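Okay, here's what each chain looks like letter by letter:
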Amino acid sequence: MAAVPVRVRGIGAYVPKRVLTNHDLEQMVDTTDEWIVTRTGIKERHMAADGEAASDLAYAAACQVLERTGVRPEEIDFIVVATVTGDMQFPSVACLVQNRLGAKAAAAVDVAAGCTGFLYAFHLARGLIASGVQKRALVVGAECLSRMLDWSDRATCVLLGDGAGAVILEAAEDGVEGVLSSHLGSDGGLWDLLYFPGGGSRNPTTHETVDQGLHFFKMNGQATFKQACGVMERACQQALEEAGVTLDQIDLVVPHQANLRILNQLAERMGIPEGKMAVTIDRYGNTSAASVPMALNDYYQEGHLKSGDLVLIVSFGAGLTWGAAVFRWS
Ligand code: UT7
């Protein structure tokens, strides 16, 4: 069976209104704006409002992409949400979004691949559509990381932010292939670089697990940093090769926004010219699975994308996982 051509149709995002600046953080922990900016590139991040959860952010991003594309909820047959900060252990954020959208024809599931989650969700949706099993997917990255942080730990609380982004992937009716490649990888031997130990079946929630601080995001920052460039560079090369294009044909590279120093190293190693790489870490911090679609959305809104442009998206994150994809903006 010949693969069905798949295209990306539109982008949407949602950024929570509340802004937390580095100067706000100076009042909360022993840090400085200067340290955060020079070590990470982050100036501010957005925080979900009290009572706002991942599915609220995901729903808002989904509404924007539906409105922009004119796709009706009942025309979606698959919803996949990449998140590690779902509203609850279960059901999935995808089911909560499906219900609010009234997307009655859609199957719905979450995927957990840390900051690479959006690439995993994208790859799954692409495969299902290419194989003819599904026709149109809503692919969302949504995170409420502010709820998972130890706000007295300066090593982690300054890094992360909340938000969501969403795209529609669909069978291309004109027969023109829009998604040229998607490549994933993982190395579970590095699982303890980034993790959240409490509340699962290993450490079910007790007073003790709370007292021990197991319900907070844990990260070995330096070891993660060392992995970041290598895995993203290799993922990009694989995705470019699979797509049959070279980097100089790419119009925009949208990498996961974890640290400006990582982005600069990646650009230098790969030879990505200035202006061809999306950088939004200054305004949002690291929003995990939401960072790639949020950055794509900003660059779309700012007019950097025109029909036919080739986009390379790439990420790495907890697991350790990584992934990259090449698609044509339609
Ligand atoms: O998206 C998921 C993947 N995550 C990442 O990609 C994160 C990758 N890692 C990083 O981005 C960096 O490792 C960090 C930004 C997390 C840390 O930067 P670093 O340059 O690796 O700093 P460090 O951990 O080596 O710490 C250097 C110093 C330490 O003090 P001493 O021991 O030298 O006295 C830390 O205690 O900086 C101190 N420090 C801070 N100082 C002020 C750590 N956090 C802060 C802070 N403000 N917020």
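Think of each chain on its own: its residues are numbered from 1, step by step along the sequence as written. Residues qualify for local features only when their pLDDT is at least 70, as the model is predicted, and side-chain atom pairs are given and counted only at 80 or more; totals for whole chains, interfaces and linings, by contrast, use all residues. Values shown for side chains rest on all heavy atoms present in the structure; no hydrogens or waters enter the calculation.

This part takes up the sheet that holds strand S8 (residues 179–186). Only when DSSP finds a minimum of two bridges between them are two strands counted as paired. Helix and strand assignments come from DSSP, with helices taken as H or I runs of at least 4 residues and strands as E runs of at least 2, each series counted from the N terminus. The four strands are arranged S8-S13-S12-S11 in an open sheet whose pairing can be described as mixed. On the outer flanks of this sheet lie S8 and strand S11 (252–255), each paired with one strand and no other. Sheet twist, expressed as the mean angle between neighbouring strand axes with direction ignored, is 10°. In this sheet, strand S12 (residues 310–317) lies alongside S11 in parallel orientation, the contact comprising four bridges. Across the sheet, proline 255 pairs through a bridge with valine 314, a residue of S12. Orientation is described by axes fitted as lines to C-alpha atoms, over the contacting stretch for helices, and by angles from 0 to 180 degrees between their N-to-C directions.

Multiplying 1.5 Å by the helix residue count minus one yields the expected span of that helix. Between the first and last C-alpha of helix H5 (residues 117–130) there are 20 Å, a value that for 14 residues agrees with the 20 Å anticipated at 1.5 Å per step. Accessibility here uses a 1.4 Å probe with only protein chains present; expressed as a share of the type maximum, an area under 20% marks a residue as buried, one over 50% as exposed, and anything in between as partly exposed. H5 sits mainly inside the fold: 10 of its 14 residues count as buried.

On to the side chain of glutamate 143, then. Relative to the helices and strands, glutamate 143 resides in strand S6 (residues 136–144). Working convention for charge: Lys and Arg count positive, Asp and Glu count negative, and His plus the chain ends are omitted. Just to be clear on terms, a salt bridge is a Lys or Arg side-chain nitrogen sitting within 4 Å of an Asp or Glu carboxyl oxygen. No salt bridge is formed by the buried glutamate 143, whose closest oppositely charged neighbour, arginine 147, lies at an N-O distance of 11 Å. There is a polar contact of 3.4 Å between the side chain of glutamate 143 and the backbone nitrogen of alanine 289. Residue contacts are counted whenever heavy atoms from the two residues lie within 4.5 Å of one another. Ignoring anything within four residues of it in the chain, the contact list for glutamate 143 reads Leu57, Thr83, Val84, Thr85, Gly114, Asp162, Gly163, Thr287, Ser288, Ala289 and Ala290. Two N or O atoms count as a polar contact when they lie within 3.5 Å, although within protein this holds only if one can serve as hydrogen donor and the other as acceptor, and sequence-adjacent residues are included solely when both atoms are side-chain atoms.

Residue proline 91 follows phenylalanine 90 across a cis peptide bond; omega there is 5°. Tracing the backbone shows proline 91 in the loop between strand S4 (78–82) and helix H4 (93–101). Cis geometry marks the peptide bond from glycine 319 to leucine 320; its omega dihedral reads -10°. The residue leucine 320 is located in the loop between S12 and strand S13 (321–328) in this model.

Moving on: the site of the ligand. Near, as used in this document, describes a residue that has one of its heavy atoms within 4 Å of the molecule or strand being considered. In the vicinity of the ligand lie 23 residues, with Thr31, Arg39, Gln222, Asn259 and Asn286 positioned nearest. A distance of 2.9 Å separates an oxygen atom of the ligand from a polar side-chain atom of arginine 154. In this structure, arginine 261 approaches the ligand through a side-chain N or O atom, which is 3.0 Å from an oxygen atom. Computed with the Shrake-Rupley method and a 1.4 Å probe, the accessible areas treat only the protein chains shown as cover for residues. In the complex, 73% of the free accessible area of the ligand, which totals 950 Å², lies under the protein chains. Here a cavity denotes a set of grid points, spaced 1 Å apart and computed over the protein atoms alone, in which a 1.4 Å probe fits but from which it cannot get out, and a pocket denotes an open set meeting protein on both sides within 12 Å along at least five of seven lines; residues with an atom within 4 Å of a point are reported as lining. Think of it this way: if more than half of a molecule's atoms are within 2 Å of a pocket's grid points, that molecule is in the pocket or cavity. Judged by the fraction of its atoms near the pocket grid, the ligand is located in the largest pocket. If one sorts the elements of the shell around the ligand by residue count, helix H8 (residues 221–243) sits on top with four residues. Amino acids are sorted into nonpolar (Ala, Val, Leu, Ile, Met, Phe, Trp, Tyr, Cys and Pro), charged (Asp, Glu, Lys and Arg) and polar (every other residue, Gly among them). Residue classes in the shell around the ligand are distributed as 11 nonpolar, eight polar and four charged. Throughout the structure description, domain borders are defined by an automatic or database domain assignment. Lining the shell around the ligand are residues from two domains, each supplying at least three of them: domain 1 (6–171) and domain 2 (179–328).

Let us look at the sheet that holds strand S1 (residues 6–14). Taken together, five strands build an open sheet; the order of strands is S1-S7-S6-S4-S5 and the sheet is mixed. Each end of this open sheet is capped by a strand with a single partner; those strands are S1 and strand S5 (107–111). Sheet twist, expressed as the mean angle between neighbouring strand axes with direction ignored, is 20°. Sheet analysis places S4 next to S6, joined by five bridges and oriented parallel. Bridging across to S6, valine 80 finds its partner in valine 139. Seen against the sheet, helix H3 (residues 54–69) touches S1, S6 and strand S7 (162–171) and runs at an angle of roughly 125° to S1.

Let's shift gears to the domain arrangement of the chain. Parsing the chain into structural domains produces domain 1 (6–171) and domain 2 (179–328). Measuring from the centre of the C-alpha atoms in domain 1 to the corresponding centre in domain 2 gives 13 Å. In this assembly, 52 residues from domain 1 lie in contact with 49 residues from domain 2. When domain 1 packs against domain 2, the two sides together hide about 3700 Å² of surface, and 65% of this comes from carbon and sulfur. The buried area of a pairing is the accessible area, by a 1.4 Å probe, that goes missing from both parts when the two are put together, added over both. Sorting the residues of domain 1 by area buried against domain 2 places Ile11, Cys115 and Leu119 first, and these three jointly supply 17% of that buried surface. On the surface where domain 1 and domain 2 come into contact, there are one salt bridge.

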